[in-house]
Amino acid sequence: MGSRTAQILFPVNVPGAFDYAVPDPMRLSRGEFVFAPIGKQMKLGVVMSLGEAEPGRALKEIAEIKATRALPLAMLDFIDWVARYNVASPGQVLRMVLRSWKALDPSPVATLYEPTGDRPLNLTPARRAALSEGGPFPARASEIAARAGISPGVVKGLVKTGLMRSELRPVDAPYPVPNPDRAGRDLTEAQSVAARELVTQVQKDRFSVSLLDGVTGSGKTEVYFEAVAEALRQGRQVLILVPEIALTQAGLARFAQRFGAEPVAWHSSITDTERRRGWREVASGRAQLVVGARSALFLPFAKLGLIVVDEEHDTSFKQEEGVIYNARDMSVLRGRLEDRPVILASATPSLESLHNAQSGRYAHIVLPERPGAITLPDIDLIDMKVHKPETGAFLSAPMVQAVADSISRGEQSLLYMNRRGYAPLILCRACGERLKSPDTDSWLVEHRATGRAVCHLTGFSMRMPRECPKCGAEDGLTSIGPGVERIADEIQTHFPQTRVEILSSDTTATPDEIKARLGRMEQGEIDILVGTQMVVKGHNFPKLTFVGVVDGDLLMGGADPRAGERTYQTLVQVAGRAGRADKAGEALIQTHHPEHEALQALVAGDRDLFVGVEMAMREMLGLPPYGRIAAVILWGPDLKKVKDLAKDFVTKAPRADGVEILGPSEAPIARLRGLYRQRLFIRADPDVNLSKYMTTWRAKQKRIPTKYKIQIDIDPQSFM
DNA sequence: AGCACGCCGACT
DNA sequence: GTCGGCGTGCTC
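- Where an unreviewed UniProt entry is consulted, chain A appears under the name Replication restart protein PriA, with the organism given as Algimonas porphyrae.
- We quote the UniProt Function (unreviewed entry) comment for chain A here in full: "Initiates the restart of stalled replication forks, which reloads the replicative helicase on sites other than the origin of replication. Recognizes and binds to abandoned replication forks and remodels them to uncover a helicase loading site. Promotes assembly of the primosome at these replication forks."
- Heading Subunit (unreviewed entry) of the UniProt record for chain A holds this comment: "Component of the replication restart primosome."

Following this line, the structure appears as structure tokens:
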């Protein structure tokens, strides 16, 4: 008779799950949480699978089953697949799933107090205050005390007199239930057709991917809301992934408006309490609507009905640290494992998704522009080789003129400059020294507002020095190049009477400040807004009619094969800010490369033109979506050792047809936080299983010193 | 991820 | 002499 075993996965970075003996009376199922001895400690792990013991192999015994809800089985598969696809250990993936350990325990309870409603007689002032000003009830004694300006002891005293009652309540209350049948906005005929198609996919009750492709103002959100409503009607849960930047109160409000209940908001900076509550409510199946950043994909949904990835092209879906993954791609994977539909929505879809739509793997649902809706502005290019600004200036004459025209019409302008601070480079005229971060190969950016020199990669900052730290020359330091602060200065000198403000993460650190500034913009209290990436999303300003892109070339060049695509996507979004219902706005883009196809397509308003040219180029080079890429970054404290490690690692590459290896070479950021970085590139034909290839490759590398790391990035988005 | 083991320098 | 620094290796 064979005894039973279980494979237990621990949330630690070991290659896989460990085998344990299941003690005889224990009833155990997959997904359950158990305590088991590992080394000298007792750890919490998850039962991945059950089996029969092979004779003659001594195994330790599982100690105990934890009394908590088991992980859904689809989640176990998902953990395994995510690990394999991204060349990570399943333990690391489990650790992402278990970000909130406390969620496995029952909710903590709090004592809440409320008035019994008995007629108060002869009350002391403190007691009267507690009853009249302590509300809303029920509440904690400390909350009532704070509101009434009394001490918590008074509240407890009222319980003794019978004027208040106390009650133990779980701290983690259920979320309000969304109502799918609240009326949404009226849909046009084209929108209804698209919505019906998506609803049909939800009703089919199995895996499918739909690319919802519609320009700004085509009502994408309203259309996918219909599919969300259908999944909610089925009593299932819906996950909507949005870029981190969209997770503001304003961003969440539209979900609350449509479904009459605040959704679960999930992102990296929610409090522990919210995280615990959200995790538990999602795991129980009670929380129905989750709006979150990429990490929400690892929540243990009990009955997932639909996943929506909004702005699917957005680069913030790529996790760049720890387990490196792309939440958009992992959404499709999860949809497949759960056998549920996935919707990818975008005004500027990624070439990967477009390719999948064209080849029929995804349903392609195209929304036409809505008549009477916000229309895209007229877009023109300014050739900076022709319209050179004066030395030290960055705005060309046509750009300044366009702002002047907008001001004279009493309208607003937006200048887009995706660089924080005043100047990206501080140079010594005397000796040529460029100010750098002490342990990182990146220039310090001058921030004039705070008088500091800042490293944008590491956060290092110092007081802006008066003399050159190298040669000591006084007043030799010069600011080279523009940032938002400098552009704001420049435009202000052109128009001293206008109200110019900056919107960047430096000038507006808190959500309240952002809200306030956007509010002033909406109210027309700002004439010219100079902003970074922060201005791109959402917000429509009715009086904004001109958008100027200060540097249309910023994203081009370098090793990034998606630079053209991202330039196009960003500029469409930025230019779209100037859209108006009654008349088209205007957008001007300053560039040194007016011939670039991304810019030409933008001017022509012809996305297909750009996509066609870009696809042809990708196909010729065998790049995504016509091939696969991976990156390897090797880093450590000693330059020579990192170089040797990289060379040695390359010699271990398995032989395979259709795989090319480039490098090793110095990474663009050659030194980061004191660590030297070398980089490899791998390009493979589409039929190569690149994840498997990289796994085999890494297995050939024996252990390396702990201070050295080999990081594998499947389908890299960042090329630094 | 922990935890132990082991090999080096600064104290009682 | 030993206390403890952290670099290295292992956990079914």
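**Observations concerning the nonpolar core**
Soluble globular proteins tend to bury their nonpolar side chains together.
Phase 1: Counting residues in hydrophobic clusters, the biggest one holds 56 residues, and the most contacted among them are Leu71, Leu239, Trp279, Val290 and Leu297.
Phase 2: For this core, the element with the most residues is helix 1 (residues 73-86), which contributes 6 residues.
Phase 3: Residues within four places of leucine 297 in sequence aside, it is in contact with Phe78, Leu239, Leu241, Ile307, Ala327, Met330, Ser331 and Arg334.

**Thoughts on a negative patch on the surface**
Phase 1: Together, Asp378, Asp380, Asp405 and Glu586 give the surface a local cluster of negative charge.
Phase 2: Structurally, glutamate 586 can be placed in strand 28 (residues 586-591).
Phase 3: By relative accessible area, which is 32% here, glutamate 586 ends up partly exposed.

**Observations concerning the protein's contact with DNA strand B**
Phase 1: Surveying the vicinity of DNA strand B reveals the residues Val12, Asn13, Gln41 and Lys43.
Phase 2: For DNA strand B, the fraction of atoms within 4 Å of the protein that belong to sugar or phosphate moieties is 88%.
Phase 3: Glutamine 41 places a polar side-chain atom, nitrogen or oxygen, 3.5 Å from a sugar or linking oxygen of DNA strand B.
Phase 4: Taken together, the residues that form the surface near DNA strand B break down as 1 nonpolar, 2 polar and 1 charged.

**Some words on unusual backbone geometry**
Phase 1: Between phenylalanine 137 and the following residue, proline 138, the backbone shows a cis peptide bond with an omega angle of -10 degrees.
Phase 2: Inspection of the secondary structure puts proline 138 in the loop between helix 3 (125-133) and strand 7 (139-140).
Phase 3: Along the chain, proline 624 connects to proline 625 via a cis peptide bond; the corresponding omega equals 5 degrees.
Phase 4: In this fold, proline 625 is placed in the loop between helix 17 (607-621) and strand 29 (628-636).
Phase 5: Of note in the backbone geometry, valine 87 takes a positive phi value of approximately 55 degrees without being a glycine.
Phase 6: Along the chain, the position of valine 87 falls in the loop between helix 1 and helix 2 (90-97).
Phase 7: Within the chain, arginine 673 stands out as a residue other than glycine whose phi angle is a positive 50 degrees.
Phase 8: Positionally, arginine 673 belongs in the loop between strand 30 (659-672) and strand 31 (675-684).
Phase 9: Overall, the relative accessible area of 48% leaves arginine 673 in the partly exposed class.

**A short note on the sheet that holds strand 23 (residues 461-463)**
Phase 1: Strand order in this open sheet of 3 strands is 21-22-23, and the pairing throughout is antiparallel. A strand with exactly one partner marks an edge of an open sheet, and here the two such strands are strand 21 (445-447) and strand 23. Going across the sheet, the axis of each strand differs from the next one's by a mean of 30 degrees, ignoring polarity.
Phase 2: The sheet contact formed by strand 22 (residues 452-454) and strand 23 spans 3 bridges and is antiparallel. In the strand pairing of strand 23, valine 454 is matched with serine 461.

**Thoughts on the sheet that holds strand 7**
Phase 1: Overall, antiparallel pairing links the 3 strands, which are arranged 7-6-8 in an open sheet. Of all strands in the sheet, those bounded by a partner on one side alone are strand 7 and strand 8 (164-170).
Phase 2: Across 7 bridges, the pairing between strand 6 (residues 109-115) and strand 8 is antiparallel. Paired with proline 115 across the strands is methionine 164, a residue of strand 8.

**Thoughts on the protein's contact with DNA strand C**
Phase 1: Looking at DNA strand C, there are 14 residues lining it, with Asp19, Pro37, Gly39, Arg57 and Lys60 nearest.
Phase 2: At the protein interface, 59% of the atoms of DNA strand C within 4 Å belong to sugar or phosphate.
Phase 3: Between aspartate 19 and DNA strand C, the recorded distance is 2.5 Å, taken from a backbone N or O atom to a base oxygen.
Phase 4: Residue arginine 57 places a side-chain N or O atom 3.2 Å away from a base oxygen belonging to DNA strand C.
Phase 5: Elements that contribute at least two residues to the surface near DNA strand C include exactly strand 2 (18-21) and strand 3 (33-38).
Phase 6: Looking at which element gives the most residues to the surface near DNA strand C, the answer is strand 2, with 3 residues.

**Section: the side chain of arginine 562**
Phase 1: Within the fold, arginine 562 resides in the loop between strand 27 (544-549) and helix 15 (563-575).
Phase 2: Overall, the relative accessible area of 4% leaves arginine 562 in the buried class.
Phase 3: Only 2.9 Å separates the side chain of arginine 562 from the backbone oxygen of proline 716, close enough to count as a polar contact.
Phase 4: For arginine 562, the contacting residues outside a window of four places in its chain are Glu352, Arg618, Pro624, Ile629, Asp715, Pro716, Gln717 and Phe719.

**Quick notes on the packing of aromatic side chains**
Phase 1: Under the counting rule described, the total for this entry stands at 11 aromatic pairs.
Phase 2: Ring centres 6.3 Å apart and planes at 65 degrees place the aromatic pair phenylalanine 10 and phenylalanine 18 in the edge-to-face group.
Phase 3: A relative accessible area of 1% places phenylalanine 10 in the buried class.
Phase 4: Considering the side-chain rings of tyrosine 224 and phenylalanine 225, the 5.6 Å spacing of their centres and the 85 degrees angle between planes classify their relative orientation as edge-to-face. Like phenylalanine 225, tyrosine 224 is buried.
Phase 5: By way of ring pairs, the aromatic residues Tyr224, Phe225, Phe255 and Phe259 are connected into one cluster.
Phase 6: The ring of tryptophan 266 carries the charged tip of arginine 275 above its face, separated from the ring centre by 5.6 Å.

Analysis parameters
Positions within a chain are numbered from 1, following the residues in the order the chain's sequence is written. Just so you know, chain letters begin at A and ligand numbers begin at 1, following the order they were written in. Only residues with pLDDT of at least 70 get local features here, since the model is predicted, and only at 80 or more are side-chain atom pairs given and counted; chain-wide, interface and lining totals rely on the full set of residues. Computation of side-chain values: all heavy atoms of the structure, hydrogens and water removed. UniProt positions are given in the numbering used here, feature names are shortened, and annotations may be inferred rather than shown by experiment. By convention a nonpolar core is built from buried Ala, Val, Leu, Ile, Met, Phe, Trp, Tyr and Cys residues, the set being connected through side-chain atoms within 4.5 Å. Only protein chains enter the area calculation, which uses a 1.4 Å probe; residues under 20% of their type maximum are buried, those over 50% are exposed, and those in between are partly exposed. Where helices and strands are cited, they refer to DSSP runs of H or I of at least four residues and of E of at least two residues respectively, numbered from the N terminus. Residues are treated as being in contact if the distance between any of their heavy atoms lies within 4.5 Å. What goes into a patch is any residue over 30% in relative accessible area without a salt bridge, connected to like charges within 9 Å or, for nonpolar side chains (Val, Leu, Ile, Met, Phe, Trp, Tyr), within 5 Å. We get accessible surface area from the Shrake-Rupley algorithm with a probe of 1.4 Å; when it comes to residues, only the shown protein chains can shield them. A side-chain nitrogen of Lys or Arg and a carboxyl oxygen of Asp or Glu constitute a salt bridge if their distance falls within 4 Å. Charged residues are defined here as Lys and Arg on the positive side and Asp and Glu on the negative side; His and the ends of the chain fall outside this count. Note on charges: their place is set at NZ of Lys, CZ of Arg, CG of Asp or CD of Glu. Any residue with at least one heavy atom within 4 Å of a molecule or strand is counted as near it. Polar contact criterion, stated in full: a pair of N or O atoms within 3.5 Å, where within protein one must be able to donate a hydrogen and the other to accept it, and residues adjacent in sequence count only if both atoms are side-chain atoms. Only Asp, Glu, Lys and Arg are considered charged in this grouping, and only Ala, Val, Leu, Ile, Met, Phe, Trp, Tyr, Cys and Pro are considered nonpolar; every other residue, Gly among them, is considered polar. DSSP calls a pair of strands paired once it identifies at least 2 bridges connecting them. Note on geometry: axes are C-alpha line fits, over the in-contact stretch for helices, and angles between N-to-C directions span 0 to 180 degrees. Stacked, tilted and edge-to-face are the three classes applied to pairs of Phe, Tyr and Trp rings, where Trp contributes its six-membered ring and a pair requires centres within 6.5 Å; stacked means planes under 30 degrees apart, edge-to-face means over 60, and tilted covers the rest. Comment: the charge-over-ring label is applied if NZ (Lys) or CZ (Arg) is within 6 Å of the ring centre and within 35 degrees of the ring normal.

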